[in-house]
Amino acid sequence: MATMGHLSTPVLWLFLLSIQVSLGDDELRLTNGTGPCSGRVEIKHKEEWGTVCDGDWNIKDAEVVCKQVGCGSAVQALNRAPFGEGSGKTWLYRVDCRGDESALWDCPHTGWDAFTCPHYFDVGVICSGFSRLRLDGGDTACSGHLKVKQAETWSTVCYSHIDFSAASVICNELKCGHAVDIMRGFHFGNSHELIWQEEFHCVGNENHLAHCPRMSDRIKTCSHDAYVLCSGYGGYRLANGSTTCSGRVELLHGGLWGTFCDYLWNLPAANALCQHLDCGIALSIPAGQSFGKGNGSVWNGTFSCNKEGSHLRECHVNVLSQNECPAGNEARVVCSGCPRSRLVNGTTCSGRVEIRHGDTWGRICRSQWNLQDASVLCRQLNCGYAKSIETGDLFVDGNGFVWRDVFHCEGSESCLWDCARVALGNPTCSARETATVVCSGLPDSLRLSDGESRCDGRVEISLHGMWGRVLDDDWNIKDATVVCRQLQCGIAKKAYYLPRSERGIGLVGLRSVQCDGNETQLVLCKTSHSQALPTGVAEDVGVICSESKKIRLVNGTQRCAGRVELYHDGIWGTICDDNWDLSDANVVCKQLGCGYAIKAFVSAHYGEGSGQIWLDDVNCTGAESGLWACPSRAWGQHNCQHKEDAGVLCSEFLDLRLVNGNDCAGRLEVFYNGTWGSICSNHMSQLTAITACKHLNCGDGGEIDKDFKYGRGSGPTWLDHIDCNKQHSSLWHCQSDPWDPQSCDNRAEETHISCTGRKGTATPATAECPNSTSCSDREKLRVVGGEDVCSGRVEIWNQGSWGTICDDSWDIADANVVCRQLGCGSAVSALSEAAFGEGTGPIWLEKIHCKGTELSLWDCPSKPLFGKNCDHKEDAAVDCSGVTGTTSSTRADLPRQPETQNVRISAPVIVCVILGALLCLVLAILAGQIRSARAQKRVSYDPFSEAVYEDIDYNLMREKQGMTHLSVNTSIIPEVPLLPGNTLEDGYDDVTEDPRSKDASLPGKNEQEIIGVLDKSDGNRYSWTGESRRAVLLIFIIYSYCTELRGNQCGAYHKRSPRFI
């Protein structure tokens, strides 16, 4: 005990206590079996191992043992020493378990050491060792790498540990028919994957793999995993649809694809299939043979699916026969195409919001969930619009995983995942503080499509679960008022007909609507239904409601910085920087979910806008909910030009860089809250480093450097515990701890990475920008296949490749923007249907809606192409007005000149040349008359007449100077009309300022005075002076016209910050 003297009293007390606890603990083990999950049952009690006697030993008793030792479920309960006789005491006898106890001694029994039982009655068990099995990573649901689940962990099975009989049992258990083959799968190498340690010795008629005899393997090496191929159904696909998420349902069974014929096919079954195909929800089951008959193979059967399952293997099909399918029984569906989001714990159109990453569904926090986000989700789920997100605890409970994703929707997106999204740095919340929504639902529901918000666009109505167009030949503001009221979008601002290029071709829901204006729903107005539709009478209709107002930031490199633009009365416009300050900018940042303002920019810091200037003299307190709630001049009233456009930089603006190395190696820093700071490397995986490299356009590989060769940072350490997965291409989408300026414990935790790629070099997956590391809009646009560089098929650069534009809604306004951006003057024509030949590669955009005044095609509203709505026979093209000034092939190798040097001779320039020639002719005539007048003056000198002559000369000079001043004072000259297509087409009204009433011509009073004096003097001088006045007027007209023309041409070359698609 001398050594004890060195221990303090508290330590000694804890030591003795631990001995007492260990002495009091009972233990259970399986011995002498073929592996860790089979053998004789032994119990350690009072520090002595003993056995269990087999009086009434059954499967429930064995179940408790298997669960207690972590070996899954019981396969067999064995008695009479199947694994040999034990030794020592018989601790328990006549155990009587229910099966749910946590330990064997918790079951009723006769007491410890109550009966001396011969050891040839010792009991044993065979446990499954695993609770589930699956085939993972195969091409179908009935093929893949074999894995078994031990407790909460999946283990891989070796190729050498199973045979064909075992594969037959596996296929039978998974309801996948019979075994076709076993193949070597992945090579293990240095993988840290868990490996199942037992061989399976199946007869082949077992119902479950766990029932097969097993033997622990200590001889055979495990180099590859087992890949099992079964004959059963391999899954589903949708064929012959217009998108990947619509079509005829086909089933792979026995290695053969065939049309699935289901007599019981209905919308719930279709909805389940859409979800399992990652295609969102089922929108409809089209009638008839909408998607053709297929290749002749038919599988008759019935489909059933676990609604909450996340894999098609949860869905079972009972294949009955391979006969002909009666007409109308082919399974078919049109899915929404919007995956990974759902409503749970409520109804079809209300509940708790959940999203899915990989196979994991989770909630999102309600703190930054708003009505715009919710409306996009409701539309995606075919549930109308969002009526409320304030539901209290109606749909939530206290348990569940929570994702950190925050969505920033504009409101016009088709899918929630189309919205801007950030997960990095967001705080988490409790399971009870998660997002919910109540949607309006489908019955007699309305929506506005193809607008800038949910409160403007084409009117569509859902009748009997199907969306249809609304057509009318007398659409007016009363009808629009009812639409806006039903959609809770404020009051109607405009009722219009859609331009011909945007008219629909689908199902018609209503026509000839006649509202009084006080109805609560459009269907309560006098209407006709689609059955009575005469062709060629009515037109598609649209509305703009007061709540369609929107705000955005343009020309910044990320979403929380840029030029401020407002959408009002169907038109985007800018804000003048008069009195623009941080209070105003704060309202903008808060309204966009971008935190608070770091800086309020003036003088078109993010480039000059175009078109309307909506607000001036904005004077916010900072507490307003929207910029339009701040005091300001009336909409459209201002005294500004676009060189005074206002901009903001918000605290949530994010950027990423590598410092102290090169573009693709260095210390990783993130810009947040207006400051650059480091990122901590705790628990950072190589996958996260690879994601950072992809984000920085530095290739598809990278690693974390451990030698800290890129120095220590000096600013904040913003983030820690960043966790990215294979699906992430942007660091902003990765999960992490919340933003904290002291995230690292010390500078040694800062992240240093080296990427495999280099900026400016292409990788197999994605090529770099075609001409530089930072593409301008001009460099991302080209025309191909025309006679020169200003005519041809329009192509844009996106995601590393050139692609075309669909000609849906393509018109002269869109073409004007392209021509101007290319430095090719104005558009002569907007061509469609692959006028300059069909392109190749992706079709990047459709339904572009330019006003014609935009400086860049990327300033125009548009939609990314979804599915197969277009093919290359619908490629859009342009023919611009001019011809290049230099066409010699010898200049092909010269350095590329700025586009402003690409001289083009347009029609207005030719007019200027002709007018200039006429001006020279008039001046020559004037010179001759002046010489004649001077000659007469020398012959006959009249002092009074000379005084009048000098006075006239002086007055004319004053008037000419005044007119020259007028020519550059744009506030006096009436506004030049926009190009064709710049107005809101066919029914829109442009919002423009009233032209000034002041006339730019010579004042009438002075004209009369001059003429009067001349009448009293000399007839020749009167004639000469009248012609002089007209000549000066002609000079002024030519000068004004050509000056305005030069200004318009130069406007296409304003320098702006480069932006990316």
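Criteria and thresholds
- Residues numbered from 1 in each chain as written.
- Predicted model: local features only at pLDDT ≥ 70, side-chain atom pairs only at ≥ 80, totals over all residues.
- Heavy atoms only, no water.
- Helix = DSSP H or I, 4+ residues; strand = E, 2+ residues; numbered from the N terminus.
- Buried < 20%, exposed > 50% of the residue type's maximum accessible area, 1.4 Å probe, protein only.
- Areas by Shrake-Rupley, 256 points an atom, 1.4 Å probe, with all protein chains shown as cover.
- Contact = heavy atoms within 4.5 Å.
- Polar contact = N/O pair within 3.5 Å; in protein donor to acceptor, adjacent residues only side chain to side chain.
- Salt bridge = Lys/Arg side-chain N within 4 Å of Asp/Glu carboxyl O.
- Phe/Tyr/Trp six-rings, centres within 6.5 Å; stacked < 30°, edge-to-face > 60°.
- Core = buried A, V, L, I, M, F, W, Y, C linked by side-chain atoms within 4.5 Å.
- Pairing = 2+ DSSP bridges.
- pLDDT = per-residue confidence, 0-100.
- Disulfide = S-S within 2.5 Å.

A. A look at the overall build of the protein chain. For the protein chain, the count of helices and strands is 13 helices and 54 strands. When each of the 1061 residues of the protein chain is scored for burial, the buried share is 48%. A total of about 51,100 Å² of accessible surface is found on the protein chain, and carbon and sulfur atoms cover 51% of it.

B. Unusual backbone geometry, seen in detail. Positive phi values are uncommon outside glycine, yet Lys-46 reaches one of about 55°. On the secondary structure map, Lys-46 appears in the loop between β2 (38-45) and β3 (48-52). The phi torsion at Asn-555 lies on the positive side, around 80°, for a residue other than glycine. Relative to the assigned elements, Asn-555 resides in strand β36 (residues 550-555). Note on Asn-555: relative accessible area 4%, which makes it buried.

C. Just helix α2 (residues 59-68), in detail. Among the residues making up α2, those that are buried are Asp-61, Ala-62, Val-64, Val-65 and Cys-66. In this fold, the buried residues of α2 make contact with β1 (27-32), β2, β4 (74-78) and β6 (124-127). The distance from a side-chain oxygen at the start of α2 to the backbone nitrogen of Lys-60 is 3.0 Å, and the residue carrying that oxygen is Asn-58. One or two positions beyond α2, positive phi appears at Gly-70, with a value near 70°.

D. Summary view of the pattern of salt bridges. Tallying each qualifying case throughout the model produces 32 salt bridges. Here Glu-42 and Arg-40 are joined by a salt bridge, their closest N and O atoms 3.0 Å apart. For Glu-42, a relative accessible area of 6% corresponds to the buried category. Of the charged contacts in the structure, one is a salt bridge between Arg-782 and Glu-795, with a shortest N-O distance of 2.7 Å. Remark: Glu-795 occurs in strand β49 (residues 791-798) and Arg-782 occurs in strand β48 (residues 781-785); sequence separation between them is 13 residues. On the basis of relative accessible area, Arg-782 is assigned to the partly exposed category, the value being 31%. Through salt bridges that share partners, Arg-447, Asp-450, Arg-458, Glu-460, Arg-469, Asp-540 and Lys-847 make up one connected network.

E. Spotlight on the packing of aromatic side chains. For the structure on display, the rule yields 17 aromatic pairs. Both rings, one in Trp-196 and one in Phe-200, keep their centres 6.1 Å apart while their planes meet at 10°; by these two values the pair is stacked. A residue is classified by how much of its surface remains accessible, and Trp-196, at 3% relative accessible area, is buried. On the basis of relative accessible area, Phe-200 is assigned to the buried category, the value being 2%. With 5.1 Å between their ring centres and 85° between their planes, Tyr-672 and Trp-718 make a pair best called edge-to-face. Here Tyr-672 is found in strand β43 (residues 665-672), whereas its partner Trp-718 is found in strand β46 (residues 717-719), with 46 residues between them in sequence.

F. Representation of the nonpolar core. Core analysis: the largest hydrophobic core is formed by 31 residues, its most contacted members being Val-564, Ile-575, Trp-580, Val-588, Val-618, Leu-627 and Val-648. Considering each element in turn, this core owes the most residues, four residues, to helix α7 (residues 582-591). Beyond its immediate sequence surroundings of up to four residues, Val-648 is in contact with Leu-553, Cys-560, Ala-561, Gly-562, Val-564, Trp-580, Ala-585, Val-588, Cys-589, Lys-599, Phe-601 and Tyr-606. Grouped together as the second largest cluster of nonpolar side chains are 27 residues, Leu-656, Cys-698, Ile-722 and Cys-734 included.

G. Spatial organisation of the pairing of β36. Where burial is concerned, most of β36 is hidden: six out of the six residues are buried. Relative to strand β37 (residues 561-568), β36 runs antiparallel, the two being bridged by six bridges. Note on β37: the bridge partner recorded for Val-554 is Arg-563. Between β36 and β37, which pair antiparallel in sequence order, lie five residues.

H. The arrangement of the side chain of Ser-350 in detail. Tracing the sequence through the fold places Ser-350 in strand β22 (residues 350-357). The class for Ser-350 is buried, based on a relative accessible area of 9%. A distance of 2.7 Å separates a polar atom in the side chain of Ser-350 from a polar atom in the side chain of Thr-347. The contacts of Ser-350, once residues within four sequence positions are left out, are Leu-343, Phe-395, Val-437 and Val-438.

I. Structural detail: the confidence of the model for the protein chain. When the pLDDT values of the protein chain are averaged, the result is 76; 73% of them are 70 or greater. Counting interchain partners and residues more than four positions distant, the pLDDT-below-50 stretch residues 760-774 has 29 contacts.

J. Quick look at helix α4 (residues 267-276). Residues of α4 that are buried include every one of Ala-269, Ala-270, Ala-272, Leu-273, Cys-274 and His-276, and no others. Its side-chain oxygen 3.0 Å from the backbone nitrogen of Ala-269, Asn-266 forms the N-cap of α4. Looking one or two residues past α4, Asp-278 carries a phi angle of roughly 60°, positive in sign.

K. Geometry of the state of the cysteines. Enumeration over the complete set of coordinates arrives at 28 disulfides. Bridging Cys-455 to Cys-489, the disulfide has an S-S length of 2.0 Å. Because the sign of the S-S torsion sets the handedness, a value of about -70° for the bond joining Cys-455 and Cys-489 places this disulfide among the left-handed ones. Note that Cys-455 is positioned in the loop between β29 (445-449) and β30 (456-463) and Cys-489 in the loop between α6 (477-486) and β32 (492-497), a separation of 34 residues in sequence. In terms of burial, Cys-455 and Cys-489 fall into one category: buried. Across the disulfide from Cys-589 sits Cys-650; the S-S distance is 2.0 Å. Here the S-S torsion is close to -85°, and the disulfide linking Cys-589 with Cys-650 is therefore left-handed. On the criterion of sequence distance, the pair formed by Cys-589 in helix α7 and Cys-650 in strand β41 (residues 647-650) is long-range, its members being 61 residues apart. Per residue, the accessibility class of Cys-589 equals that of Cys-650, and both read buried.

L. A look at the environment of Ala-623. Within the secondary structure, Ala-623 sits in the loop between β40 (612-615) and β41. With a relative accessible area of 65%, Ala-623 lands in the exposed category. Sequence-wise, Ala-623 and Asp-584 are 39 residues apart; in three dimensions their C-alpha atoms are separated by 9.5 Å.

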